[in-house]
Amino acid sequence: MPESRLVIASAEDALLLKNLAVDAFQADFEQYGSFPPHIESTPWHQLSIESGHYYIIKYGSQNAGGILLVPKSLTEVEVKYFFIVPEFQDKHIGSDTIALLEQRYSDVRSWSLVTPYKAFRNHHFYQKLGYKKIGEIQPEPNENFWLFEYQKSI
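Residues numbered from 1 in each chain as written. Predicted model: local features only at pLDDT ≥ 70, side-chain atom pairs only at ≥ 80, totals over all residues. Heavy atoms only, no water.

**Considering the sheet that holds strand β7 (residues 147–153)**
Applied cut-off: When DSSP finds at least two bridges between two strands, those strands are taken to pair. Helix and strand assignments follow DSSP, with helices taken as H or I runs no shorter than four residues and strands as E runs no shorter than two, numbered in order from the N terminus. Fitting a line to C-alpha atoms yields each axis, with helices limited to the stretch in contact; the angle taken between N-to-C directions then spans 0 to 180 degrees. Contacts are assigned to residue pairs that have any heavy atoms within 4.5 Å of one another.
The seven strands are arranged β1-β2-β3-β4-β5-β7-β6 in an open sheet whose pairing can be described as mixed. Either end of the sheet is taken by a strand with one partner, and the two such strands are β1 (4–8) and β6 (132–137). Strand-to-strand twist across the sheet, computed as the mean angle between neighbouring axes with direction ignored, equals 30°. Helix-sheet contacts for helix α4 (residues 93–104) involve β1, β2 (54–59), β3 (62–71), β4 (76–84), β5 (110–116) and β7, and the interaxial angle to β1 is about 55°.

Right under this line is the structure:
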């Protein structure tokens with residue numbers, strides 16, 4: 001079985017990450033009527049790459065997805081976007097990615113993220129990895145859409 005690994009994204013990877021994200025979030029678009037904010041914008045991916053915490057998720061030699069982290073402090077990180085394209089799901093790539101990040105960011109004691117309220121597979125996945133649901137956010141008060149907040153303390 002191929003190995004999962006993380007490669008820090010470079011400026012040339014913005015279009016690749018945009019395409020991977022659009023592919024990975026296509027089901028969300030079909031379910032909710034829109035993509036997560038900025039996912040369709042190559043310039044946004046370019047700016048995110050400049051943060052130095054945007055990774056391409058590789059499965060063997062293939063590009064399987066991406067993960068963008070936002071450090072809040074030396075010991076707290078938000079997982080802003082985490083996506084794996086459909087053809088690479090159910091291969092333990094997500095679990096491997098989280099383990100690799102926890103090794104790479106070994107000083108981090110608090111990990112946080114949000115995920116859509118109907119993303120039941122995500123809920124199960126994060127809970128299996130030790131994340132706890134800590135809240136709910138309704139980004140637009142007039143829309144019936146919620147995000148669940150998750151946090152993991154190490």
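Still to come is the rest of the account.
**Topic: the pattern of salt bridges**
This is how it is decided: Definition used for salt bridges: Asp or Glu carboxyl oxygen within 4 Å of a side-chain nitrogen of Lys or Arg. Categorising residues by exposure relies on relative accessible area from a 1.4 Å probe, with only protein chains included: less than 20% of the type maximum marks a residue as buried, more than 50% marks it as exposed, and the intermediate range marks it as partly exposed.
For the structure on display, the rule yields four salt bridges. Between D90 and R121 there is a salt bridge, with its nearest N and O atoms 2.7 Å apart. In this pair, D90 sits in the loop between β4 and α4 while R121 sits in helix α5 (residues 120–128), placing the two residues 31 residues apart along the sequence. Owing to a relative accessible area of 66%, D90 belongs among the exposed residues under this scheme. Here E102 and K152 are joined by a salt bridge, their closest N and O atoms 2.7 Å apart. Here the residue E102 occupies a position in helix α4, and K152 occupies one in strand β7, the gap between them amounting to 50 residues. With a relative accessible area of 24%, E102 lands in the partly exposed category. Under the relative-accessibility criterion, K152 is labelled buried at 12%.

**Considerations on the environment of A9**
With respect to the element layout, A9 can be found in the loop between β1 and α1 (14–24). As for A9 and I57, which are separated by 48 residues in sequence, their C-alpha atoms are 9.5 Å apart. The contacts of A9, once residues within four sequence positions are left out, are L17, I49, Y54, Y55 and I56.

**Quick look at the nonpolar core**
Applicable threshold: Nonpolar cores are built from buried Ala, Val, Leu, Ile, Met, Phe, Trp, Tyr and Cys residues. Side-chain atoms within 4.5 Å join them into one set.
Among the nonpolar cores identified, the biggest contains 43 residues, and I67, L69, F82, F83 and W111 are the most heavily contacted of them. Here F82 is in contact with F25, I57, G66, I67, G94, T97, I98, F125 and Y126, once residues within four sequence places are set aside.

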